Amino acid sequence: MSFTDGPECWEVESSLCEAKEVYVLMQNNYRISRNIRAQWFFKNLNKNLTLKWKTSQEKLTYEIEVISAIPKYAEKFEVDDVTNSSTIRIVADTKVNFLSTQYRLAFCLDLSPSVATIDIQHNNIYFEDIYSSLEQSLTSVSEPFYIPGSNYYFRPQIYITVIAHIPNCPIVAPQVLIQGWILTPDNRNELLELIQNKLKNMCKIVEKVSSTVQEEQIQFMMPHDAAGAILDGTIDGNKMIKKVLDLSADINTLKLIRYGILALQLLPENSSA
């Protein structure tokens, strides 16, 4: 090989180490923020890293550790049989997937009176679609899987909180269905059955609340001119404004977000939300 072929061969060898995707696992002993993840990426950018192939039974050495990678220009990385490791290189277009050993999820269900209406296109009630979507989500997130490109069996610890928000309902109503449940494939069916029974009871509350609000609106609108009351700014007008705000979809959305953030704060720390 001539001297001029040296740099070209080095570039080919270096390109074979470039990673298309990298999977990084974060330990739950530390709180690893987005800034720390960004620092880790720029620190290892355009550098060769030693990836030691592991399985889920082995303990991690560092708080942020690469557990798998997919090459850009080859089917798989070359593995050293002695050390069971490979040399990878993170470049600017490498997709880095950060995984956590713990996750916390909060599901906020909007049980507005409209969920009790019938969907004539699908011949069901909208409430059934809410439970079906929740069931599919819990089933998907609870299933362990192998990290792409490796034999690492990924099975994180997942904490679940489910909140059913009923607009215009007193705070004393039991809106928290499940709090801090550790979701696994073994107890998933038990959790879904418990949620389904509680949602059925919540639907009865939705029916009572919707009928009560409708009766109050009718009683208020009969002796008063709603538009004039709002413009006058009287006591009755203020009550009407409050009812309009409570019935607003935007206000309900903000309440759902607030409940979701509060629910996440009550779950274990150092976990990805």
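Bear in mind the structure is a predicted one, so any value in this text is a computation, not a measurement. (Residues numbered from 1 in each chain as written. Predicted model: local features only at pLDDT ≥ 70, side-chain atom pairs only at ≥ 80, totals over all residues. Heavy atoms only, no water.)

1. Overview of the sheet that holds strand 11 (residues 157–165)
Taking strand neighbours across the sheet as the criterion, the three strands line up as 6-11-12 in an open arrangement whose pairing is mixed. Each of the sheet's edge strands pairs with one partner strand only, and the pair in question is strand 6 (102–110) and strand 12 (176–183). Direction aside, the axes of adjacent strands within the sheet are offset by 10 degrees on average. Its contacts with the sheet put helix 3 (residues 126–142) on strand 6, strand 11 and strand 12, and the angle it makes with strand 6 is roughly 175 degrees. (Pairing = 2+ DSSP bridges. Helix = DSSP H or I, 4+ residues; strand = E, 2+ residues; numbered from the N terminus. Axes fitted to C-alpha atoms, helices over the stretch in contact; angles between N-to-C directions. Contact = heavy atoms within 4.5 Å.)

2. A few points about the side chain of Arg104
Position of Arg104 among the secondary structure elements: in strand 6. Polar side-chain contacts of Arg104 include one of 2.9 Å to the backbone oxygen of Leu264. (Polar contact = N/O pair within 3.5 Å; in protein donor to acceptor, adjacent residues only side chain to side chain.)

3. Examining the sheet that holds strand 1 (residues 19–26)
Each strand in a sheet pairs with its neighbour through backbone hydrogen bonds, running either in the same direction (parallel) or in the opposite one (antiparallel). The strand order across the open sheet built from three strands is 3-1-5, with neighbouring strands paired in mixed fashion. Single-partner strands in this sheet number two, and they are strand 3 (64–71) and strand 5 (95–100). Neighbour to neighbour, the strand axes of the sheet diverge by 20 degrees on average, direction disregarded. Sheet contacts for helix 2 (residues 34–43): strand 1, strand 3 and strand 5; angle to strand 5, the most-contacted strand, approximately 135 degrees.

4. Examining the pairing of strand 3
Put simply, side chains in a regular strand alternate between the two faces of the sheet. For strand 3, the tally of buried residues reaches seven of eight residues, placing the bulk of the element in the interior. Where strand 1 meets strand 3, seven bridges bridge the pair, whose relative direction is antiparallel. Considered in strand 3, the bridge of Glu21 is made with Ile70. (Buried < 20%, exposed > 50% of the residue type's maximum accessible area, 1.4 Å probe, protein only.)

5. Section: the environment of Thr101
Take Thr101: it is sitting in the loop between strand 5 and strand 6. Separated by 56 residues in sequence, Thr101 and Gln157 have C-alpha atoms that sit 6.2 Å apart. Apart from the residues within four sequence positions on either side, Thr101 is in contact with Leu25, Met26, Gln27, Asn28, Pro156 and Gln157.

6. A word on helix 3
Taking 1.5 Å of rise per residue, the 17 residues of helix 3 would be expected to cover 24 Å, and the 25 Å separating its terminal C-alpha atoms lies within 8% of that figure. Buried within helix 3 we find Phe127, Ile130, Tyr131, Leu134, Leu138 and Ser142. Angularly, the buried residues of helix 3 cover 90 degrees about the axis, an arc narrow enough to put them on a single face. Exposed positions of helix 3 whose direction lies more than 90 degrees from the buried face are Gln136 and Ser140. (Expected span 1.5 Å × (residues − 1). Arc of directions from axis to C-beta.)

7. A look at a nonpolar patch on the surface
Side chains of Ile118, Ile120 and Ile125 sit close together on the surface and give an oily, nonpolar patch of about 320 Å² of accessible area. For Ile125, the location among the structural elements is in strand 8 (residues 124–125). Look at Ile125 and you get partly exposed, because its relative accessible area is 32%. (Patch = residues over 30% accessible without salt bridge, like charges linked within 9 Å, V, L, I, M, F, W, Y side chains within 5 Å. Areas by Shrake-Rupley, 256 points an atom, 1.4 Å probe, with all protein chains shown as cover. Salt bridge = Lys/Arg side-chain N within 4 Å of Asp/Glu carboxyl O.)

8. Some remarks on the packing of aromatic side chains
Taken as a whole and judged by the stated rule, the model has four aromatic pairs. Pairing Trp40 with Phe98 gives two aromatic rings, centres 6.0 Å apart and planes at 80 degrees, and the pair type is edge-to-face. Note that Trp40 is positioned in helix 2 and Phe98 in strand 5, a separation of 58 residues in sequence. Overall, Phe98 belongs to the partly exposed group, its relative accessible area being 23%. Measuring from centroid to centroid gives 5.5 Å for Phe145 and Phe154, while their planes differ by 70 degrees, and the two rings are edge-to-face. Above the plane of the ring of Phe98 lies Arg37, whose end atom (NZ or CZ) is 5.9 Å from the centre. (Phe/Tyr/Trp six-rings, centres within 6.5 Å; stacked < 30°, edge-to-face > 60°. Lys NZ or Arg CZ within 6 Å of the ring centre and 35° of its normal.)

9. Topic: the pattern of salt bridges
In total, this model carries four salt bridges according to the counting rule given. Notably, a salt bridge pairs Glu18 with Lys72, separated by 3.4 Å at the nearest N-O pair. One end of the pair, Glu18, is in the loop between helix 1 (5–16) and strand 1; the other, Lys72, is in the loop between strand 3 and strand 4 (85–89), and 54 residues separate them in sequence. Of the residues examined, Glu18 reaches a relative accessible area of 16% and is grouped as buried. Here Glu143 makes a salt bridge to Arg188, at a shortest N to O gap of 2.8 Å. In this pair, Glu143 sits in the loop between helix 3 and strand 9 (145–146) while Arg188 sits in helix 4 (residues 188–221), placing the two residues 45 residues apart along the sequence. Since its relative accessible area comes to 37%, Glu143 is described here as partly exposed. According to the relative accessible area criterion, Arg188 is buried, its value standing at 13%.

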